[in-house]
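The residues making up each chain are set out below.
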Amino acid sequence: MEKGYLSLVLHAHLPFVRHPEYEEFLEERWLFEALTETYLPLLSMMEGLIHDRVDFKLTMNISPSLSEMLADELLKERYVKYLDKMIELCEKEVERTRFYEEFHKLALMYYYRFSNTKEKFVNRYHRDILKQFKAVQDKGNLEIITCGATHGFLPLLSVNKEAVKAQIRIGADTYRKHFGASPLGIWLPECGYFEGLDKFLKEEGIKYFILETHGILFSRPRPKFGAYSAYYTKNRVAVFGRDHESSKSVWSSIEGYPGDYNYREYYRDIGFDLDYDYIKPYISSCGARIFTGIKYYRITGNTPHKEPYVPEKARQKAAEHAGNFMFNREKQIEHLYGIIGRKPIIVSPYDAELFGHWWFEGIDWLNFLIRKIRYDQKTIKLITPSEYLKVYPRNQVITPSPSSWGWKGYYEVWLNGSNDWIYPHLHRASEEMKKAVKEFSSDGEVKKRILNQMLRELLLAQSSDWAFMMKTGAFSEYATKRTIIHLERFYLLKSYLERNFFNMEVLEDIERKDNIFPHINYSVYQT
Amino acid sequence: MKKAANKNTLKKRIQAGIKKIRVLAKKSQRRSKTSSRRISSNKKTSLKKESVSKSRKKKPSLEAVSLATPTLKHTEEERIEVSKFSAVETSLKEPERFNLPLCYNDNRIVLIPRDPWWIHTYWDISQEKINEVIAKIPLHERENLKWALRVHDVTGIDNFSGHNSHSFYDIDINFDAYNWYINVNAPEREWCVEIGLKTKNGRFFVVLRSNIIKTPYFGISDIVDEEWALPDEDYFKVLGVYDLGRSSLERRKKLEELLKQQISSGFFSGALSSLSSLREKKKERKFFLEVWTELILYGRTTPDAAVSVCGKKIKLRDDGTFSMRYALPEGNFRFDVSATSQDKEETITIIPAVKRYTIK
């Protein structure tokens with residue numbers, strides 16, 4: 001009999017990036033890379049486990065904005081084009097490296113990966129990834145949860161109650177649209193929590209959410225089992241806390257696995273390494289060198305000199321690290337089980353894109369881990385949060401602490417000198433949205449259409465990704481532009497309502513560009 | 001009396017806090033608030049944005065308030081998350097027509113929490129509103145009016161009227177900063193802020209009052225559920241902390257210190273290593289040289305011929321030319337190039353060879 005549980009939670013999210021107004025748009029590559037390196041390999045891993053009849057339980061958030069992109073025809077079309085181009089580059093690489101054995105093998109590996117990815121995406125999945133994930137969910141191995149509609153950081157939007165309500169309701173609606181059932185759980189964007197948020201979750205029928213460790217530890221009253229159990233909030237929504245120890249071993253590059261010298265080096269990429277004229281057709285159309293995803297080196301060590309990557313060795317390491325992770329969890333569970341008198345749950349959430357993309361071997365690691373847990377020990381069992389609630393339906397009631405999983409644990413990542421200028425605009429637009437709905441919602445079809453598009457623009461402006469990018473400095477210009485563009489479009493549309501004048505061409509153009517949530521309904525802003 | 005004393009110590013704390021901000025602000029990037037609020041999309045790069053704002057700097061005093069977090073301080077998780085967005089620097093070409101107004105003049109002051117110790121406020125006030133308030137100030141007091149924020153502790157107060165707070169203190173501000181970070185230094189308390197004009201004699205005339213917020217919690221709660229109690233010793237074991245001392249007071253103090261240290265270092269939020277992670281820490285000198293060699297093998301034949309290089313068939317262009325490119329490691333290499341005519345009557349083979357080595 002097991003003494004406790006491990007709940008692996010993957011958070012898959014990308015902001016909505018789709019630019020039909022351009023032939024090619026490089027930020028769309030975020031999706032293409034994540035598909036090739038993370039989402040499709042994850043799916044293959046799960047299919048492999050099912051094929052081998054390995055009983056497993058995983059929890060995964062596929063964020064609403066990501067779902068909408070995965071379901072979008074234009075982006076699917078562009079993804080196939082992207083794959084074709086990558087396959088072409090791989091063909092050239094196979095030829096070019098013919099006299100370099102180490103690299104030649106790797107070039108073949110990439111060639112195989114990209115061709116195989118295309119084959120699966122086009123012929124086996126018929127370009128519908130969501131359906132595949134749903135199939136795994138229907139088998140009972142995967143629990144897909146939802147997220148805020150556009151991953152808005154709720155604590156800083158909570159000045160306007162409707163803004164929070166809309167993020168959650170449209171998140172849940174989008175989930176229903178893609179997965180045909182109501183979501184049991186929600187991944188709060190950045191684990192951002194504020195006092196009273198549980199009420200909004202309750203209203204949308206959400207059963208559980210997950211917080212950063214101190215969101216639980218600092219709750220009132222003192223949580224009896226630390227972060228190792230479920231709790232209920234006053235509104236009877238269940239809440240779980242992230243386990244710090246297991247996060248550390250994967251996230252941290254000092255103590256964590258991904259820093260191992262045998263693993264693939266993320267920063268060495270042929271997009272930067274190879275002769276400019278040769279690589280030019282495969283980098284940004286403006287000629288800037290970018291990551292192509294084809295990387296030939298391993299981390300090697302504390303040195304600028306890098307050795308060629310050896311996939312077999314890296315795989316071995318991944319297996320070793322999976323064993324180490326499992327062993328540590330067993331010890332942890334035994335220790336906790338002895339003290340708290342119930343079977344503890346260790347909740348280990350990670351960004352899905354960590355696996356495969358940043359940590360190339362991460363999916364191998366996950367695969368080894370799941371298989372080892374099933375066959376090599378008896379102390380722990382994989383579980384989903386909702387199933388843990390079936391094991392322990394009776395839990396302590398607490399008021400969780402406002403918190404997030406960002407740097408320093410509260411709201412500072414999304415509220416500091418680099419991005420605080422967005423909040424006056426976001427808060428005001430929310431108020432204007434409410435006013436506009438009140439004033440114009442019974443005013444004919446066109447106005448309803450405009451109100452719906454205004455809500456799309458508002459939601460897109462609210463993505464926490466923009467504030468995050470402004471803070472880190474990477475892509476801050478794009479993030480700034482996106483924030484401004486959506487607010488601009490919002491106010492432009494609002495002016496149509498007020499002037500009772502509609503430029504249908506402009507409206508259609510905006511609808512075509514920002515086509516997220518086709519079934520959106522502004523009534524969420526009706527009070 | 002008690003209230004006044006409380007106010008004084010708070011005031012001192014606040015002043016220390018403000019000093020700290022100023023120092024921080026100076027240290028951090030010098031970007032003026034006006035530029036960040038008047039964001040328009042016609043700025044090519046963030047670097048350029050800075051130079052723009054510097055040359056436009058009209059109100060130097062505004063700089064002091066921008067508590068910009070140094071943008072280079074990435075945590076491990078952020079680095080990984082940024083890696084999701086790795087494709088390219090940027091590629092926006094849309095016509096530069098987007099702009100947001102600096103102010104809406106719609107008379108508001110909004111308060112939001114940042115963490116258990118800091119809150120943030122921003123305001124947007126019309127000239128009419130200001131004039132309205134000034135009109136209430138007796139004529140002889142209207143000289144040298146100063147803008148100030150009055151920070152009220154309104155914890156547990158249901159009907160805050162502006163006069164019934166537990167305590168309050170004032171902060172002199174620069175009105176044109178449009179926002180301010182306030183170090184209240186007290187978790188789990190409720191706050192309300194008023195913006196107003198202060199006369200020379202210290203009289204405060206409210207212009208606008210903010211919403212009420214509560215600072216997030218910090219620390220392990222003292223409130224223990226009878227039904228869900230665990231002995232202290234065991235509880236600390238669940239938390240994974242040992243040797244905190246004997247007396248409960250001592251333990252409590254130590255735990256609090258530990259937690260605070262952990263929170264600010266990002267212990268809980270997984271951000272265990274900032275930029276100083278192992279890979280970043282290497283004492284690697286920036287300067288380097290890498291040299292690679294590639295060999296280009298090209299030629300031409302009749303467009304319908306079959307050509308192979310080292311036994312592998314290659315593709316010809318429509319005009320019968322071909323070009324191959326090989327990465328060349330150290331060693332001797334021969335390239336057997338054969339062309340066979342379409343009727344297979346003729347075959348020509350040419351074998352160029354190269355030796356690639358590095359002179360030491």
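Note: the structure precedes this text.
Residues numbered from 1 in each chain as written. Chains lettered and ligands numbered in written order. Predicted model: local features only at pLDDT ≥ 70, side-chain atom pairs only at ≥ 80, totals over all residues. Heavy atoms only, no water.

Caption draft 1: Region of interest: the packing of helix α1 (residues 29-51) of chain A against helix α4 (residues 101-124) of chain A. All names here are of chain A. Running from N to C, α1 and α4 cross one another at 70 degrees; their axes reach a closest spacing of 11 Å. With respect to each other, α1 and α4 are oriented roughly perpendicular. For α1 against α4, the interelement crossing comes out left-handed. Taken together, the residues of α4 that come into contact with α1 (itself represented by T36, E37, L40, S44 and E47) are R113, F114, T117, K120, F121 and R124. Grouping the constituent residues of the contact of α1 with α4 by class yields three nonpolar, three polar and five charged. (Axes fitted to C-alpha atoms, helices over the stretch in contact; angles between N-to-C directions. Helix = DSSP H or I, 4+ residues; strand = E, 2+ residues; numbered from the N terminus. Parallel < 35°, antiparallel > 145°, perpendicular 65-115°, else oblique. Left-handed = near helix turned anticlockwise from the far one by under 90°. Contact = heavy atoms within 4.5 Å. Nonpolar A, V, L, I, M, F, W, Y, C, P; charged D, E, K, R; others polar.)

Caption draft 2: Local environment of the sheet that holds strand β11 (residues 312-314) of chain B. All names here are of chain B. With respect to topology, four strands assemble into an open sheet ordered β11-β10-β14-β15, the strand pairing being antiparallel. Of all the strands in the sheet, just β11 and β15 (347-350) have a single pairing partner and so form its edges. The mean inter-strand angle of the sheet, taken between neighbouring strand axes irrespective of direction, is 25 degrees. Summarising the sheet, strand β14 (residues 337-340) and β15 pair through four bridges and their orientation is antiparallel. If you follow T340 over to β15, its bridge partner there is T347. (Pairing = 2+ DSSP bridges.)

Caption draft 3: The arrangement of the packing of aromatic side chains in detail. In the structure shown here, the tally under the stated rule is 52 aromatic pairs over all chains. It is R222(A) that lies over the ring of Y235(B); its NZ or CZ is 5.1 Å from the centre. Lying over the aromatic face of F325(A), R329(A) brings its terminal NZ or CZ to 4.5 Å of the ring centre. (Phe/Tyr/Trp six-rings, centres within 6.5 Å; stacked < 30°, edge-to-face > 60°. Lys NZ or Arg CZ within 6 Å of the ring centre and 35° of its normal.)

Caption draft 4: Quick look at helix α3 (residues 73-96) of chain A. Across its 24 residues, α3(A) extends 35 Å between first and last C-alpha, which sits within 8% of the 34 Å expected from 1.5 Å per residue. N-capping of α3(A) is provided by D72(A), with a side-chain oxygen placed 3.1 Å from the backbone N of L74(A). (Expected span 1.5 Å × (residues − 1). Polar contact = N/O pair within 3.5 Å; in protein donor to acceptor, adjacent residues only side chain to side chain.)

Caption draft 5: Region of the structure containing the pattern of salt bridges. Under the definition given, this model contains 57 salt bridges over all chains. Note that K306(A) is salt-bridged to E265(A), the shortest N-O span being 3.5 Å. Of this pair, K306(A) sits in the loop between α12 (276-279) and α13 (311-340) while E265(A) is found in the loop between α10 (244-251) and α11 (270-273), placing the two residues 41 residues apart along the sequence. Each member of the pair, K306(A) together with E265(A), is buried. Across the salt bridge formed by R512(A) and D509(A), the nearest N and O atoms sit 3.0 Å from each other. A residue pair is termed a helical-turn pair when its members lie 3 or 4 positions apart in one helix, as R512(A) and D509(A) do in helix α20 (residues 504-513) at three residues. Note on D509(A): relative accessible area 25%, which makes it partly exposed. Taken together, the shared-partner salt bridges in this structure form one network comprising R428(A), E431(A), E432(A), K435(A), K494(A), E498(A), D106(B) and R108(B). (Salt bridge = Lys/Arg side-chain N within 4 Å of Asp/Glu carboxyl O. Buried < 20%, exposed > 50% of the residue type's maximum accessible area, 1.4 Å probe, protein only.)

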